[in-house]
Amino acid sequence: MTRLIALAAVVALLALPAIADNYVLRLATTMLMYGALALGWNFIGGFAGYPSFATAAFFGLGAYTVAMLIKVLPIYATFGVALVLGTVMAFVVGLVTLRISGMFFVIFGFGLSELMRELLVWWEITQTHTMGRYVFVPFDTTLIYEHLLGLAVLVFLVGWLIRRSRLGVALLIIGDDETMARQAGINVPFAKIAMFVVSSVFMTIVGAVMAPRFGYLTPNFAFNPLISFQVVIMALLGGMQRLWGPLLGVIPLVLLSELLQVRFPFWYSVLLGLIFMVIVYFLPRGVTGLVEDIWARLRQPLSPRSSTDAVNDAWGGLSISLQGIAGFVESLWLRLVRRQPTGES
Amino acid sequence: VLYLQVLVNGLVLGGLYSCIAVGFSLVWGVLNIINLLHGSLIILGSYAAFFAYHYLHINPFLFVPVAAVLLFCLGYAVQLMFINRVMGSPVLITLTLTFGLNLLLYNLMILAFKADFRKVILSPPLGSLNLGGVIVPIDRLISMAFALALIGLLYALLRGTRIGRAIVAVRMDREAAQLMGIKVGSIYAITFGLGAAMAGAAGSLFSVMFPISPETANALLGKAFVICVLGGLGSVPGVMVGGLTLGIIESYSALLFGPEYSVTVSFTLLILLLMFRPTGIMGRQGFQ
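Quick notes on the rules
Residues numbered from 1 in each chain as written. Chains lettered and ligands numbered in written order. Predicted model: local features only at pLDDT ≥ 70, side-chain atom pairs only at ≥ 80, totals over all residues. Heavy atoms only, no water. Helix = DSSP H or I, 4+ residues; strand = E, 2+ residues; numbered from the N terminus. Rg over C-alpha atoms; globule rule 2.2 N^0.38 Å. Buried < 20%, exposed > 50% of the residue type's maximum accessible area, 1.4 Å probe, protein only. Areas by Shrake-Rupley, 256 points an atom, 1.4 Å probe, with all protein chains shown as cover. Contact = heavy atoms within 4.5 Å. Buried area = accessible area lost by both parts, 1.4 Å probe. Salt bridge = Lys/Arg side-chain N within 4 Å of Asp/Glu carboxyl O. Polar contact = N/O pair within 3.5 Å; in protein donor to acceptor, adjacent residues only side chain to side chain. Pairing = 2+ DSSP bridges. Axes fitted to C-alpha atoms, helices over the stretch in contact; angles between N-to-C directions. Parallel < 35°, antiparallel > 145°, perpendicular 65-115°, else oblique. Nonpolar A, V, L, I, M, F, W, Y, C, P; charged D, E, K, R; others polar. Patch = residues over 30% accessible without salt bridge, like charges linked within 9 Å, V, L, I, M, F, W, Y side chains within 5 Å. Expected span 1.5 Å × (residues − 1). Core = buried A, V, L, I, M, F, W, Y, C linked by side-chain atoms within 4.5 Å. Phe/Tyr/Trp six-rings, centres within 6.5 Å; stacked < 30°, edge-to-face > 60°. pLDDT = per-residue confidence, 0-100. Left-handed = near helix turned anticlockwise from the far one by under 90°.

A. A look at the overall build of chain B. When helices and strands are tallied, chain B shows 11 helices and 2 strands. Counting helices and strands in the order they occur from the N terminus, chain B gives α-α-α-α-β-β-α-α-α-α-α-α-α. Relative to the globule expectation of 19 Å for 288 residues, the C-alpha radius of gyration of chain B, 18 Å, shows essentially globular dimensions. When the backbone C-alpha atoms are referred to their principal axes, chain B occupies close to 60 × 45 × 35 Å. Every one of the 288 residues in chain B was classed for burial, and the buried ones make up 57%. As presented, chain B carries roughly 11,100 Å² of accessible surface, and 70% of it is formed by carbon and sulfur atoms.

B. Seen up close, the interface of chain A and chain B. Residue-level contacts link 48 residues of chain A with 48 residues of chain B. Regarding the contact of chain A and chain B, the summed buried area is about 4,500 Å², with carbon and sulfur atoms giving 78% of it. Inspection of the chain A/chain B interface yields 0 salt bridges. Run the count over chain A and chain B and you get 2 residue pairs in polar contact (both at pLDDT 80 or more). Considering every element that reaches the side of chain A that touches chain B, the biggest residue donor is helix 5 (residues 102-128) of chain A, with 15 residues.

C. Focus on the pairing of strand 2 (residues 134-137) of chain B. All names here are of chain B. Of the two faces of strand 2, only one is covered, namely that formed by Val 134 and Val 136; the face formed by Ile 135 and Pro 137 stays uncovered. Pairing of strand 1 (residues 128-131) with strand 2 involves 4 bridges; the strand directions are antiparallel. The partner of Leu 129 across the bridge, within strand 2, is Val 136. Hairpin remark: strand 1 followed by strand 2, antiparallel, with 2 residues in the connecting loop; positive phi at Gly 132, about 55°.

D. The arrangement of the packing of helix 6 (residues 162-172) of chain B against helix 8 (residues 184-209) of chain B in detail. All names here are of chain B. Helix 8 packs onto helix 6 with a crossing angle of 110° between their chain directions and a minimal axis gap of 10 Å. Comparing the axis directions of helix 6 and helix 8 gives the class roughly perpendicular. Note on element contacts: helix 8 touches helix 6 through Val 184, Ile 187, Tyr 188, Ile 190, Thr 191 and Leu 194, opposite Ile 163, Ala 166, Ile 167 and Val 170. By residue class, the composition of the contact of helix 6 with helix 8 is 9 nonpolar, 1 polar and no charged.

E. Molecular detail of the side chain of B:Asn35. Tracing the sequence through the fold places B:Asn35 in the loop between helix 1 (2-31) and helix 2 (38-56). With residues up to four places along the chain from it excluded, the contact list for B:Asn35 reads B:Phe24, B:Val27, B:Leu41, B:Thr98, B:Phe192 and B:Leu221.

F. Focus on the side chain of B:Gln79. All names here are of chain B. By the secondary structure assignment, Gln 79 is in helix 3 (residues 60-83). Given the relative accessible area of 0%, Gln 79 is considered buried. With sequence-adjacent residues up to four places away left out, Gln 79 is seen in contact with Leu 31, Asn 84, Met 87, Tyr 188, Ala 189 and Phe 192.

G. Region of the structure containing a nonpolar patch on the surface. Taken together, the side chains of A:Leu83, A:Val84, A:Val88 and A:Val92 define a hydrophobic patch exposed on the protein surface, amounting to about 310 Å² of accessible area. Here A:Val88 lies in helix 4 (residues 75-97).

H. Layout of helix 9 (residues 188-214) of chain A. An ideal rise of 1.5 Å per residue puts 39 Å on 27 residues; helix 9 of chain A measures up with 39 Å between its terminal C-alpha atoms. Following helix 9 of chain A by one or two positions, A:Gly215 adopts a phi angle in the positive range, close to 85°.

I. Up close: the nonpolar core. A:Phe108 and B:Ile34 are the most contacted members of the largest nonpolar core, which totals 196 residues. The element that contributes the greatest number of residues to this core is helix 8 of chain B, accounting for 16 residues. Each residue touching A:Phe108, except ones within four places of it in the same chain, is listed here: A:Val93, A:Val96, A:Ile100, B:Ile271, B:Leu274 and B:Met275.

J. The packing of aromatic side chains, seen in detail. With the rule as written, the count across this model stands at 27 aromatic pairs over all chains. Summarising the aromatic geometry, the rings of A:Tyr76 and A:Phe79 are spaced 5.7 Å apart at their centres and angled 80° between planes, so their arrangement reads as edge-to-face. You can see A:Tyr76 and its partner A:Phe79 sitting in helix 4, 3 residues apart, about one turn around the helix. For A:Tyr76, a relative accessible area of 51% gives the class exposed. Here the aromatic rings of A:Phe276 and B:Phe99 are separated by 5.6 Å at their centres, their planes lie at 35°, and the arrangement is tilted.

K. Local environment of the confidence of the model for chain B. All names here are of chain B. Of all residues in chain B, 96% attain a pLDDT of 70 or more, and the chain-wide mean is 86. The secondary-structure element of chain B with the lowest mean pLDDT is strand 1, recorded at 74, while helix 8 shows the highest, at 91. Confidence estimates for the predicted assembly give a pTM of 0.84 and an ipTM of 0.84.

L. Spatial organisation of the confidence of the model for chain A. Residues with a pLDDT of 70 or more make up 86% of chain A, whose mean pLDDT is 80. For residues 339-345 of chain A, every residue scores under 50 in pLDDT, and the model assigns this stretch 18 contacts once sequence neighbours within four places are set aside.

M. Structural detail: helix 3 (residues 55-69) of chain A. Here helix 3 of chain A is 15 residues long and its end C-alpha atoms lie 22 Å apart, about the 21 Å a rise of 1.5 Å per residue gives. Of all the 15 residues making up helix 3 of chain A, 13 are buried; the element is thus mostly covered by neighbouring parts of the structure.

N. Molecular detail of the packing of helix 3 of chain A against helix 9 of chain A. All names here are of chain A. Their axes nearest at 7 Å, the elements helix 3 and helix 9 cross at an angle of 50°. Taken as axis vectors, helix 3 and helix 9 run oblique relative to one another. Considering the relative orientation of helix 3 and helix 9, their crossing is right-handed. Residue-level inspection shows Thr 55, Phe 58, Phe 59, Leu 61, Gly 62, Ala 63 and Val 66 of helix 3 in contact with helix 9, the latter providing Ser 200, Met 203, Thr 204, Val 206, Gly 207, Ala 208, Met 210, Ala 211 and Phe 214. Partitioning the contact of helix 3 with helix 9 into residue classes produces 11 nonpolar, 5 polar and no charged.

Spelled out as C-alpha cells, the structure:
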C-alpha cells in the first residue's frame, strides 16, 4: 500500500514539468533539492545521531566543482569530478568522526564549511582575480528538476536498503550506545565511514546539479552555513524516526520561506529565527513524533489523570489553544517563566 | 625588533581574544550548550559603547561595567525564558534554538544599526608608547589590561564566591547540586548572564580597537570556536592560553601571508587541531 502511494507520488512528480508553469517548477526544484539533502543528512543525523553541520561544505564543494570546471569539461564529467572529490572529503570527515563526537563534531562541521569558503576566496583572489563565477550551460530547469527527482528517489531507495541491511541496524545501535556497539562486535569504524561517504556523496551531487540552476555562484553563497541549518531544521520538523520523515518538514518550510521572502523581504531572516524557535518548542520530535504521540493518546483508555501525565510539549501546545486566549497567555507565561524543567524532574 | 613588535601585537590582540572567548567557554563548559548568540552579544556590547560615546560622550573604557551589567540582564532573561526550557535536550535541539535566537538578534541589529562599519574614535587620541623600538598604541594597551582584569575577576568570582562555587557544583554534577539545595535553573541563568556580560565588556573594548558592524559577529564567533578548541575546553587558564596563542599566531601569519588571510589560518588551525588533537593545548578540563 505505502509502496503504491510512493510510486503514485513519483509518477505525479514526473508529470509535473508538463503541466506546471515555470514558477511552480522552480519551487518544486527547491523542494527536491532540500528533500534530497535532508534525506541524505538523515543517514548521519537521524540513523546514527551524529549532529552534522557539514552539509554546506559538501553542497558547496559540488556546486563549486561544477562552476570551476564547466568551461573545460562537459557537464556530466564535472558531475563525475564532484563525485570523486565528495567521496574523498567524506572519507576524511568519516575518519574524523572516529575521534570526535558531540559538540566538537558540531564545531568541526561549521569549521569545515568556513575553511572551504576561506580557502576558495583565497584561491580566487590570488589565482584567478575574480569573486564569483557564472554557470551558463544548456541545462534548463526541467532537466535539473528531473535530475533532482531521480536523486531524491535514489537517496530514498538507498536509505530504505540501508535500513533493512545489517549496516542499518549497526548504525542504529551506534547511535544508541557506541561502546555497546563495539562490544557487540560491530565494525564501528567501517559503519561510520560508510555512512558518511554515502550521505555526503549525495549532498555533493545535489550541489553539483543545482549549480546551473543558480547561474551565478560566490563562495559566500555556496558555503552558506544557513544551508546546513535549514536542512537540520527540516529534518527536525519532519521527524527523524521515519525514513520519509524529513520530507514532511521540507514541504511546509520551503513554502513558508517562499511566502515570507515575497511578503516580508526585510523581515524574512528574523521570522526564520522565530520559526526555528517555534519548531524547537512545540515540535521537538517532529511531525511524525506528533502523530505517534496523538496515536498513542487516542489508544489510551480515557482517564483525566493519566492523560495529563502523558502530555508532551506539542500536544500540550494544542490543548492550550482550546482554553481560549486568556488560558493560552496564562499557560504561556507559566511555560516561559515559571516552569524550569531543569529545576524539577 | 620586527619580530618583537609582532609578538607584542599578538599578545595585545590575544588579551582581547581571551576576553571574547571566556564567556563562550563558560557557557559551553557549564551548560553544555554551544552559544551561537555569542558573536552577536559582543557586537551588541560594541554598539552600546559606540552610542554611549557618540551621544553621551562616555568613555568606552568607563562604559565597560555598564555594558557588562546590561548584557548580564539580557543574558539572564534569555536563558530563563528561552534556553532553560530545552536544557538537557539533544545537541541538535539546543543548537537550533541558539541559532534561531541568533538569527533574530543578528537581523534585528542589521535592521536597527544598518550594516555599515562604525568605529569609536577617541578624541583626543591616546597616542602610542615607544618601548625601545616597539610601538604600542595606548588604547590597545588599556584594552588588554581591562580584558585581563575582567578575566581575573571572573576567575576570582568562580573560585571565591558562593555563586561561583554553585556554578562549579552544577557543572560537576547537576543532580547532586540540586540535592544540596542549589536552584539549578537560576544558576544556569546566572552563568549565561555572566557569559553575556563578558561578551558585552569585550564588545566595548572591541569598539575602541576595531570598526564594528553586525557582520563582524560571525567572525568573532568563529574566533571563540578556535580559541576554545585551541586552549582546551572548560577552564579559565585554557581560554587565556588559547586566546594569547591565537593572537600571536594571527599576527605572525599576517606578517607571512598578509593580514587578510588571518581568518583562513585560524580555521585551518581549528580543523587540524580537531583532527589531530581535539583536547587542545591544555587538555580538556572543567571549571573548578
